Amino acid sequence: MLRRIPTGALIGLIITALFFLVAIFAHVVAPYGLGEIAGGVWEPMSAKFLFGTDNLGRDLLSRMIHGAQTTILIAVLATLLSFCMGAILGFTAAVVGGWFDTLMSRFVDLLMAIPTLIFGLVVLSVLPSTLATLIIVMGVLDSTRVYRLSRAVAVDLNVMDFVEAAKLRGESKWWVIFAEILPNALSPLVSEFGLRFIYAVLFLSALSFLGLGVQPPEADWGGMVKENKDGIIFGIPAALIPAAAIAVLAISVNLVADWILNRTTDLKGGRGNG
Amino acid sequence: MSSPIVKLIAQRVALGILLLLAVSVLIFVGTNLLPGDVAQSILGQAATPVALENLRKEMGLNDPAYVRYFHWLFGILQGDLGTALTSRLDVATSIKERLWNTLFLAFWAAIISVPLAIILGLLAVRYRNGPIDKLISGFALASTSLPEFFIGYLLVFIFAVTFPILPGISTVHEGMPFLEKMKAIALPCTALTLGVLAHMMRMTRAAILNVMQSAYIETAELKGLSAFEIIRKHAFPNAIAPIINVVTINLAFLVVGVVVVEVIFVYPGMGQYLVDHVAKRDVPVVQAVGLIFAAVYIFLNVVADVASILANPRLRHPK
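Calculation rules
Residues numbered from 1 in each chain as written. Chains lettered and ligands numbered in written order. Predicted model: local features only at pLDDT ≥ 70, side-chain atom pairs only at ≥ 80, totals over all residues. Heavy atoms only, no water. Helix = DSSP H or I, 4+ residues; strand = E, 2+ residues; numbered from the N terminus. Buried < 20%, exposed > 50% of the residue type's maximum accessible area, 1.4 Å probe, protein only. Areas by Shrake-Rupley, 256 points an atom, 1.4 Å probe, with all protein chains shown as cover. Lys, Arg positive; Asp, Glu negative; His and termini not counted. Charge placed at Lys NZ, Arg CZ, Asp CG, Glu CD. Contact = heavy atoms within 4.5 Å. Buried area = accessible area lost by both parts, 1.4 Å probe. Salt bridge = Lys/Arg side-chain N within 4 Å of Asp/Glu carboxyl O. Axes fitted to C-alpha atoms, helices over the stretch in contact; angles between N-to-C directions. Parallel < 35°, antiparallel > 145°, perpendicular 65-115°, else oblique. Nonpolar A, V, L, I, M, F, W, Y, C, P; charged D, E, K, R; others polar. Phe/Tyr/Trp six-rings, centres within 6.5 Å; stacked < 30°, edge-to-face > 60°. Lys NZ or Arg CZ within 6 Å of the ring centre and 35° of its normal. pLDDT = per-residue confidence, 0-100. Core = buried A, V, L, I, M, F, W, Y, C linked by side-chain atoms within 4.5 Å. Expected span 1.5 Å × (residues − 1). Bend = angle between axes of the 7 residues up to and from the residue. Patch = residues over 30% accessible without salt bridge, like charges linked within 9 Å, V, L, I, M, F, W, Y side chains within 5 Å.

A. Just the overall build of chain A, in detail. Broken down by element type, chain A carries 11 helices and 0 strands. When its C-alpha atoms are laid out on the principal axes, chain A stretches across 70 × 50 × 35 Å. Each of the 274 residues in chain A was classed as buried or not, and the buried ones make up 52%. In the structure as shown, chain A presents an accessible area of about 12,100 Å², 69% of it carried by carbon and sulfur atoms. Once the 18 positive and 19 negative side-chain charges of chain A are each reduced to a mean point, those two points are 4 Å apart.

Structural data, given as structure tokens:
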């Protein structure tokens, strides 16, 4: 099994796993605490501070390890929310059809007519800045894309013989959605999960970088870029390191998602490897 | 101009206007999402009842929501974007110069990125599956995964700190000489270009490949047309519609990318203005600027639709 994975995907898989492990065991791995002031302001990289220190003299590596936890946790929860909402509504729209389908689809069209970041900013200007708000806003805005994909997949599945058979047997709509359509729609949704996760990481980082995402004293990678950005002009690369971490995570998840996508191309009926 | 084209275009434009109206409702609802009221969230829990009442009266919060919506909408239609809560300044006058600055930046980013993306896309198709194509695809994968601020600050680090040839902070003001202005926007412009280039290139490549694989191209090849003739007579007229589509969709992305890039380079544009006022919870400004961004986005999407209708040779001859 492992031998059939292309090198790119394998590297992506290993790095992604590493990031998740570090995030889960952040408290064990990190040499210093999240808010612990351990040295001078913006100390260069050294054996004591592997990535140097940040704008308040905190160890950057430790903060990034703790930040990995915040970033990945929020991104995973937002992606899960968007998948549950998007997939359930998308499948339901395809199976039920009629006015429910029309209403949902037009509403999703409307939501997608505004750039996600802009609408996110508009909504966040009135909502309280808590982690729960952030997860809900990100999840709901992103569920539009999942809705479109799952509806498209389910519309195809809905006319297949085994689904027709289940309907003729007199199974309920819920049975058709969860026992007939869901298992068969899983493979295209899995690779989409990777892409949505990257999008969530980038979106969260952008929000935090703009000062509207995770609020201090909590910290995520985008917020760390914001904290250290004033050092750049003096030649201190502290802001570049968390930004690079976001990039590495995004690229490795992308490599894995691309590989899964290519494997399931037949099921999606498009996007070949040409 | 034959009538089916005019009809189709009129439909798209009408749809765009309808969409914009619906979006204005959505933005209004979005800023009224809280179960409490905006006055409370602006002033905080410690606000006195009198202060709350005054702010409510000033913002018209005692009226029902639909009255406030129509009041707001008709104001905008007459060019009144409202007053900022924090600075008491008229929103329309504050954003006038910023809007031009943003459009200036986006314009130059578009001028550079569009031809570059099409040329690179053509190169990728010409040398399909060769090293150049692989290199371009790899670059595309990397650039869609990189956060804008990584590219932005890397540019600052290289071109403003290590080799100090360009300013890392892009201050522009009215009456600045053109060349100096160009020098000031060089880095944000590059960051924006890199942000949209990969996506545009990938989509151009896909659009051209799609056309090149159709049966009529094969027929043209088999009847012995030269490569140039095939491209001029058969491939180009059919590929232009998808390419125009790709370009305008990416210009719409550019409008969004501008928000983060402006904050990175402290550029006095609309994005920076929006972000500042979201942080201050200045709802009237956020509504107005959000609507403007959405309007530009929808406008570009309508332009994409209209352009692809105009470029479609099948619609040019009425049946």
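B. Representation of the overall build of chain B. If you tally the helices and strands in chain B, you get 12 helices and 0 strands. Walking chain B from its N terminus toward its C terminus, one meets helices and strands in the order α-α-α-α-α-α-α-α-α-α-α-α. Based on the C-alpha atoms only, the size of chain B along its principal axes is roughly 85 × 60 × 40 Å. Taken over 319 residues, chain B has a buried fraction of 45%. When the accessible area of chain B is evaluated, it comes to approximately 16,300 Å², of which 69% is carbon and sulfur surface. Side-chain charges in chain B split into 23 positive and 18 negative, and the spacing between the mean points of these groups amounts to 11 Å.

C. Summary view of the interface of chain B and chain A. Each side of the interface is counted separately: chain B has 43 residues, and chain A has 45 residues. Summed over both partners, the interface of chain B with chain A comes to about 3,900 Å²; 82% of that surface belongs to carbon and sulfur atoms. Looking only at chain B, the three residues that lose the most surface to chain A are B:Leu26, B:Phe149 and B:Tyr153, adding up to 17% of its buried area. For the interface between chain B and chain A, the tally reads 0 salt bridges.

D. Region of the structure containing the packing of helix H9 (residues 215-222) of chain B against helix H10 (residues 227-264) of chain B. Residues and elements named next belong to chain B. Viewed as axis vectors pointing N to C, H9 and H10 meet at an angle of 180°, and their least axial separation amounts to 10 Å. Looking at the two axes, H9 sits roughly antiparallel to H10. Counting all contacts with H9, which are made through Tyr216, Ile217, Ala220 and Glu221, the residues of H10 involved are Ile230, His234, Ala235 and Asn238. For the contact of H9 with H10, the class distribution of residues is 5 nonpolar, 2 polar and 1 charged.

E. Focus on the packing of aromatic side chains. Applying the stated rule across the entire model yields 16 aromatic pairs over all chains. Both rings, one in B:Phe107 and one in B:Trp108, keep their centres 5.3 Å apart while their planes meet at 80°; by these two values the pair is edge-to-face. Here the aromatic residues B:Phe28, B:Tyr69, B:Phe70, B:Trp72 and B:Phe74 are joined through ring pairs into a cluster of three or more. In this arrangement the basic side chain of A:Arg145 is found over the ring face of A:Tyr199, its NZ or CZ atom lying 6.0 Å from the centre. A cation sits over an aromatic face here: B:Lys181 above B:Phe104, 4.9 Å from the ring centre.

F. Highlighting unusual backbone geometry. Cis geometry marks the peptide bond from A:Pro216 to A:Pro217; its omega dihedral reads 10°. In this structure, B:Val266 is a non-glycine residue whose phi angle is positive, near 50°. Summarising the element assignment, B:Val266 is placed in the loop between H10 and helix H11 (270-279). Classification of B:Val266 by relative accessible area gives partly exposed; the value is 44%. Residue B:Arg281 is not a glycine yet carries a positive backbone phi of 55°. Mapped onto the fold, B:Arg281 is located in the loop between H11 and helix H12 (283-310).

G. Up close: the confidence of the model for chain A. Residue and element names in this part refer to chain A. Residues of chain A with pLDDT of at least 70 account for 95%, and the chain-wide mean is 85. Looking at the elements of chain A, mean pLDDT is at its lowest for helix H11 (residues 265-268), recorded as 46, and at its highest for helix H3 (residues 60-96), recorded as 92. Ignoring residues within four places in sequence, the model shows residues 266-274, a span with pLDDT below 50, making 14 contacts including any to other chains.

H. View of the nonpolar core. Ranked by size, the top nonpolar core spans 142 residues in total, and within it A:Leu121, A:Phe209, A:Leu210, A:Trp221, B:Phe149 and B:Phe293 carry the most contacts. At 17 residues, H10(B) tops the list of elements feeding residues into this core. Aside from chain neighbours lying at most four places away, what touches A:Phe209 is A:Gly222, A:Gly223, A:Val225, A:Lys226, A:Lys229, B:Phe149, B:Tyr153, B:Val260, B:Val263 and B:Ile264. Formed by 16 residues, the second largest nonpolar core is a distinct cluster that contains A:Leu149, A:Ala154, A:Ile177 and A:Ile181.

I. Fine view of helix H8 (residues 178-212) of chain B. When the terminal C-alpha atoms of H8(B) are compared, their 43 Å separation across 35 residues is substantially less than the 51 Å that a helix rising 1.5 Å per residue should span. Along its length, H8(B) reaches its greatest deviation from straightness, about 45°, at B:Ala186, and the proline B:Pro188 lies no more than four positions downstream.

J. Fine view of the confidence of the model for chain B. Residues and elements named next belong to chain B. Taken over all residues, the pLDDT of chain B has a mean of 82, while the share at 70 or more is 93%. Mean pLDDT in chain B bottoms out at helix H2 (residues 38-43), which sits at 67, and peaks at H11, which reaches 89. Overall fold confidence (pTM) sits at 0.87, and the ipTM for the predicted complex is 0.83.

K. Representation of the pattern of salt bridges within the structure. The tally for this structure, following the rule as stated, stands at 11 salt bridges over all chains. Residue A:Asp142 is joined to A:Arg196 by a salt bridge in which the shortest nitrogen-to-oxygen separation is 3.1 Å. Of this pair, A:Asp142 sits in helix H6 (residues 131-158) while A:Arg196 sits in helix H8 (residues 173-209), placing them 54 residues apart in sequence. Neither A:Asp142 nor A:Arg196 differs from the other in exposure class; each is buried. Ionic pairing is found between B:Arg205 and B:Asp133, a salt bridge with its closest N-O pair at 2.9 Å. Placement of B:Arg205 in helix H8 and of B:Asp133 in helix H6 (residues 131-145) is noted, with a sequence separation of 72 residues between them. The burial state of B:Arg205 is the same as that of B:Asp133; both residues are buried. Each of the salt bridges in this network shares a partner with another, and the network as a whole consists of A:Arg58, A:Arg63 and A:Glu227.

L. Focus on a nonpolar patch on the surface. Residue and element names in this part refer to chain A. Taken together, the side chains of Leu21, Ile24, Phe25, Val28 and Val29 present a nonpolar region at the surface, about 510 Å² in accessible area. Put simply, the parts of the chain that give the nonpolar patch at least two residues each are helix H1 (7-24) and helix H2 (26-29). Checked against the element boundaries, leucine 21 lands in helix H1. Judged by relative accessible area, leucine 21 falls into the partly exposed class, the value being 45%.

M. Representation of the packing of helix H5 (residues 116-124) of chain A against H10(B) in the model. Across the interface, H5(A) lies against H10(B) with an axial gap of 8 Å and an inter-helix angle of 55°. Comparing the axis directions of H5(A) and H10(B) gives the class oblique. Here A:Leu117, A:Ile118 and A:Leu121 of H5(A) lie close against H10(B), whose contacting residues are B:Val256, B:Val259 and B:Val260. Taken together, the residues that form the contact of H5(A) with H10(B) break down as 6 nonpolar, no polar and no charged.

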